[in-house]
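# Per-entry structural report
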Amino acid sequence: MIDKINMLKTHMVLVFCLLFSMLSMPTYGQETIYDPEQSTARNWNEVLLFAIRHDYARPTVHARNLFHSSALMYDIWSVYDENASPVFLGESTGLEVCTLNSQQKQQLVNNASNRTQDIEIAIAYGMYRLLTHRFSNSPGAVQSQTEFVELADFYAVDRDLTSTDFSQNGAASLGNYVANCLIEFGLTDGSNESNAYANTVYEPVNLPLEPTVPGNSLLTDSNRWQPLKLDVFIDQAGNETDTPPFLGAEWGQVTPFALTEGDLQIRQRDGVDYWVYHDPGAPAYLTDDAVSSLDYQWGHSLVSLWSAHLDPADGVLLDISPASIGNTTELPEVTQQLPEFYAAIEGGSTDRGHSINPSTNAPYETQMVLRGDYTRVLAEFWADGPDSETPPGHWFTILNELVSDHAEFERRYKGQGDELSKLEWDLKAYMVLGGALHDSAISAWGIKGWYDYIRPISAIRHMAEFGQSSNPNLANYHVKGLPLVDGKIELISESDLLAGDSFEHVGKIKLYAWKGPSEIVDPKVDVAGVGWILAENWWPYQRPSFVTPPFAGYVSGHSTFSRAAAEVLTLLTGNEFFPGGMGEYVAKKNEFLVFEQGPSTDIKLQWATYNDASDQTSLSRIWGGIHPPVDDVAGRKIGIRIASDSFTLAEQYFAGSINALPEVAPSVPDPQPQPQPQVPTDQGGGGAFQWMLLLLFAGFTHRVILNIRCI
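Predicted model only: the values in this text are computed from it and were never measured. (Residues numbered from 1 in each chain as written. Predicted model: local features only at pLDDT ≥ 70, side-chain atom pairs only at ≥ 80, totals over all residues. Heavy atoms only, no water.)

## Observations concerning the overall build of the protein
Across its full length, the protein holds 18 helices and 11 strands. Residue pairs in contact within the protein that sit at least 24 positions apart in sequence constitute 74% of those at least 6 positions apart. Accessible area of the protein: about 29,000 Å², with a carbon and sulfur share of 51%. (Helix = DSSP H or I, 4+ residues; strand = E, 2+ residues; numbered from the N terminus. Contact = heavy atoms within 4.5 Å. Areas by Shrake-Rupley, 256 points an atom, 1.4 Å probe, with all protein chains shown as cover.)

This is the structure we're talking about:
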């Protein structure tokens, strides 16, 4: 009897623990991705962007995901198009799982009673398979997979159908076939996907910097990248991880879209090959020679000078409308011209503005705002911070929302001819943009890996330890020190408030700059402000759990991505201006900023042209303390070249003048698809609700096991 009572108690406790687990499990907000007014390609691109926002912040990886998914959808469309040729299908990859011949293509066309419907079916099957594979190990896999399942169900995807035999199953198996092609290709493209994209040989030469500790005494190479040591690292997607290694140091070896052998130089360091496309040459270096160090010292000290602009309390007003900002002058040709292009004290670059909105034929309305609000919003908006889709995804969002969805936009390829269907426009636009951004990642990160260049937080603190480099007759002179600037970069005197109780800081360098995250207790109400700080404590305008991206600075990925994207959108639309003559984003008062309270009023980021938005991106990284000017301009130039080459190659695919399908191909056995997560089905189609029940049950069981001690 006692045993029965004890067993009953145990059962009651288990039930209680189960109920407690159900109530205490985190719930994930559902987003309805499917929009019947949009194309199939757009809906699947949106669900991919959702998954990116819930994944680790990996610009290289997601540029590749955006390109491969765009190519998958485009290749499916090309099968049913009379002229277009595919990118991956056929013989281009050399993989048997990607083979396709013209007879097979014609059979698919002949069997299609409705080509558009078959294209949509194939895209849905293909994207579901590819995205499920690519995000299976994502920290947001639960949320993302739920959306994949939900969208697949909207398109009536039978998730039990994994066959790739499109001769028997038509469009559905074609989608699986193309997905399997991309999955297999992705395991051989040099990304090291099977090992979580990890570097294979790269090791940093400098010991880590601990930002909360003053100075930078552990730096041994003044010009090489330095890892960070943080108690907690939270990436730009909001994921808490260990302090990461250099992301993508060997990404130059990933198979590109339009980059060619003529663009490539293979460099070698310590017996290791580094593949560099569009090598811009070395950045500015700090040496024992005063003259050769000037560009390095000027560039990194400018980052400090601009951080003095991050306080709305200074009362400085700016017109941030297209009437004053944008229409930037020609980019500098050499490093020595950078001081003429950037305004070191006032901030910004040599913009001419636009006198007239070409869409309305009226002048742009001025927008006077506090500089400290504008610069902080700029830094956070383009930083692609928490819940963002990384820079490549950011530009897909701009394409989707500010271009394709604009009421005045007409989907005419290059601004000419008949208006395209939503599906064809989206497919072609994604294809070109995805290819250009993928190549931008390969080029920029190949350069980052080879030059392995230092970030401002390391360089500024490092130079501060040497002293000042302006006057040998003043205290604390060293050829590698920081250049003095009256009112901005000065020596600490005995009467200085920063001198210290024992005058231990006398003779050190002080900066008039953003005071840093130590001044912020509650980001909802606190503003760090600007004031005099010890240079050894300088901090970029970033969260203390992030500080600076985990990879080398030169060249700027933001500048490369953004200029390539801007040039592509200009070519695609046949117009350098946004639809309606202006793109706009509103940062709401005291809601938008994450690092601290603000902005103090609504701020409208406005861009007349795509290049204006790109140029603003580049400047935001200087105000954010992430890049010196030398990183910026080189990236912009590379982006211009990549956009042109990517667009030219894409047009050849659109016209069918490249990678024509062979007439006959050898018979290929039905390839086995990659293993997919097992999900319950509902008469073959499955449902997001049943799939979530399975996850919830697993979570409940796990929690009961963990809570078994309550018995």
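Back to the write-up after that little detour.
## Here's the deal with the environment of Met431
Inspection of the secondary structure puts Met431 in helix H13 (residues 422-451). Classification of Met431 as buried rests on a relative accessible area of 0%. Taking the C-alpha atoms as reference points, Met431 and Phe67, 364 residues apart in sequence, are found 6.8 Å from one another. Once residues lying within four places of it in the same chain are set aside, the contact partners of Met431 are Phe67, Ser70, Ala71, Tyr74, Val87, Phe257 and Phe654. (Buried < 20%, exposed > 50% of the residue type's maximum accessible area, 1.4 Å probe, protein only.)

## Some details on helix H17 (residues 629-655)
Compared with the 39 Å implied by 1.5 Å per residue over 27 residues, the 40 Å span of H17 between its first and last C-alpha is a close match. Phi turns positive, to about 75°, at Gly656, one or two residues after H17. (Expected span 1.5 Å × (residues − 1).)

## Focus: the nonpolar core
Inside soluble globular proteins, nonpolar side chains tend to come together where they are buried. Of all hydrophobic cores here, the largest spans 182 residues; its most connected members are Trp44 and Leu511. Here this core takes 17 residues from H13, the largest share from any one element. Setting aside residues up to four positions removed in sequence, Leu511 forms contacts with Ser304, Ile460, Leu482, Lys488, Ile489, Gly531, Trp532, Ile533, Ala535 and Trp538. (Core = buried A, V, L, I, M, F, W, Y, C linked by side-chain atoms within 4.5 Å.)

## Topic: the pattern of salt bridges
Taken as a whole and assessed by the stated rule, the structure comprises 26 salt bridges. With a closest N to O distance of 3.8 Å, Arg411 and Glu419 form a salt bridge. Residues Arg636 and Asp632 are paired through a salt bridge, measuring 2.8 Å at the closest nitrogen-oxygen approach. Taken together, the residues span about one helical turn, with Arg636 and Asp632 both in helix H17 at a distance of 4 residues. Here Arg636 and Asp632 have matching classes, each one buried. What emerges from the salt-bridge pattern is a single network uniting Arg563, Glu567, Asp615, Asp632 and Arg636. (Salt bridge = Lys/Arg side-chain N within 4 Å of Asp/Glu carboxyl O.)

## Concerning the sheet that holds strand S8 (residues 509-514)
Pairing is antiparallel across the open sheet formed by 3 strands, whose spatial order is S7-S8-S9. Across the chains shown, the open sheet's two edge strands, defined by having one partner strand only, are strand S7 (489-491) and strand S9 (530-534). Ignoring which end each strand starts from, the neighbouring axes of this sheet average 30° apart. As paired strands, S7 and S8 are joined by 3 bridges and run antiparallel to one another. By the bridge assignment for S8, Leu491 is matched with Ile509. (Pairing = 2+ DSSP bridges. Axes fitted to C-alpha atoms, helices over the stretch in contact; angles between N-to-C directions.)

## Some points on the packing of aromatic side chains
Under the counting rule described, the total for this entry stands at 41 aromatic pairs. Plain terms: the ring middles of Tyr374 and Trp623 are 6.2 Å apart, the flat faces sit at 75° to each other, and that makes the pair edge-to-face. In this pair, Tyr374 sits in helix H11 (residues 371-382) while Trp623 sits in helix H16 (residues 610-623), placing the two residues 249 residues apart along the sequence. Accessibility assignment for this pair places Tyr374 and Trp623 in one class, buried. Taken together, a centroid distance of 5.5 Å and an interplanar angle of 65° make the contact between Tyr512 and Trp532 edge-to-face. Placement of Tyr512 in strand S8 and of Trp532 in strand S9 is noted, with a sequence separation of 20 residues between them. Note on Tyr512: relative accessible area 29%, which makes it partly exposed. The ring of Trp445 carries the charged tip of Lys448 above its face, separated from the ring centre by 5.0 Å. (Phe/Tyr/Trp six-rings, centres within 6.5 Å; stacked < 30°, edge-to-face > 60°. Lys NZ or Arg CZ within 6 Å of the ring centre and 35° of its normal.)

## Things to note about the state of the cysteines
Within this structure, the stated rule accounts for 1 disulfide. Cys98 shares a disulfide with Cys181; S-S distance 2.1 Å. Given an S-S torsion of about 100°, the disulfide between Cys98 and Cys181 has right-handed geometry. With Cys98 in the loop between helix H3 (59-80) and helix H4 (102-111) and Cys181 in helix H8 (residues 171-186), the pair connects residues that are 83 residues apart, well separated along the chain. As far as the burial class goes, Cys98 and Cys181 line up, both buried. (Disulfide = S-S within 2.5 Å.)

## A closer look at the packing of H13 against H17
Put simply, H13 and H17 touch, their axes get as near as 9 Å, and they point 140° apart. Relative to H17, the element H13 lies oblique. Remark: the crossing between H13 and H17 carries right-handed chirality. Contacts between H13 and H17 involve Lys428, Met431, Val432, Gly435, Ala436, Asp439, Ser440, Ser443 and Ile447 on the former and, on the latter, Ile638, Ile642, Ser646, Phe647, Ala650 and Phe654. Grouping the constituent residues of the contact of H13 with H17 by class yields 9 nonpolar, 4 polar and 2 charged. (Parallel < 35°, antiparallel > 145°, perpendicular 65-115°, else oblique. Left-handed = near helix turned anticlockwise from the far one by under 90°. Nonpolar A, V, L, I, M, F, W, Y, C, P; charged D, E, K, R; others polar.)

## A few points about the environment of Tyr197
Position of Tyr197 among the secondary structure elements: in the loop between H8 and strand S1 (233-234). With a relative accessible area of 11%, Tyr197 lands in the buried category. Spatially, the C-alpha atom of Tyr197 lies 9.0 Å from that of Trp251, the residues being 54 residues apart in sequence. Setting aside its immediate chain neighbours within four residues, Tyr197 contacts Arg58, Val61, Arg64, Arg134, Ser191, Asn192 and Trp251.

## A closer look at the confidence of the model for the protein
With 88% of its residues at a pLDDT of 70 or more, the protein has an overall mean of 90. Long-range and interchain partners of residues 1-30, a stretch whose pLDDT sits below 50, account for 28 contacts in this model, where long-range means more than four residues apart. The model gives residues 671-711 a pLDDT under 50, and that stretch makes 76 contacts with residues more than four places away or in other chains. (pLDDT = per-residue confidence, 0-100.)

## Focus: unusual backbone geometry
The residue after Tyr554, namely Val555, is reached through a cis peptide bond having omega 0°. Position of Val555 relative to the elements: it lies in the loop between S9 and helix H15 (557-573). For Ala156, which is not glycine, the phi dihedral falls at a positive 55°. At Asp270, a position not held by glycine, the phi torsion is positive, near 55°. Secondary-structure assignment places Asp270 in the loop between strand S3 (264-269) and strand S4 (272-277).

## Quick look at the environment of Lys229
Tracing the sequence through the fold places Lys229 in the loop between H8 and S1. By relative accessible area, which is 52% here, Lys229 ends up exposed. With 18 residues separating them in the primary sequence, Lys229 and Pro211 have C-alpha atoms 7.4 Å apart. Leaving out residues up to four positions away in the same chain, Lys229 has contacts with Pro208, Leu209, Glu210, Pro211 and Thr243.

## Some points on the side chain of Thr40
Structurally, Thr40 is set in helix H2 (residues 40-53). In this structure, Thr40 is in contact with Glu120, Ile123, Tyr155 and Leu423, ignoring residues within four places of it in sequence.

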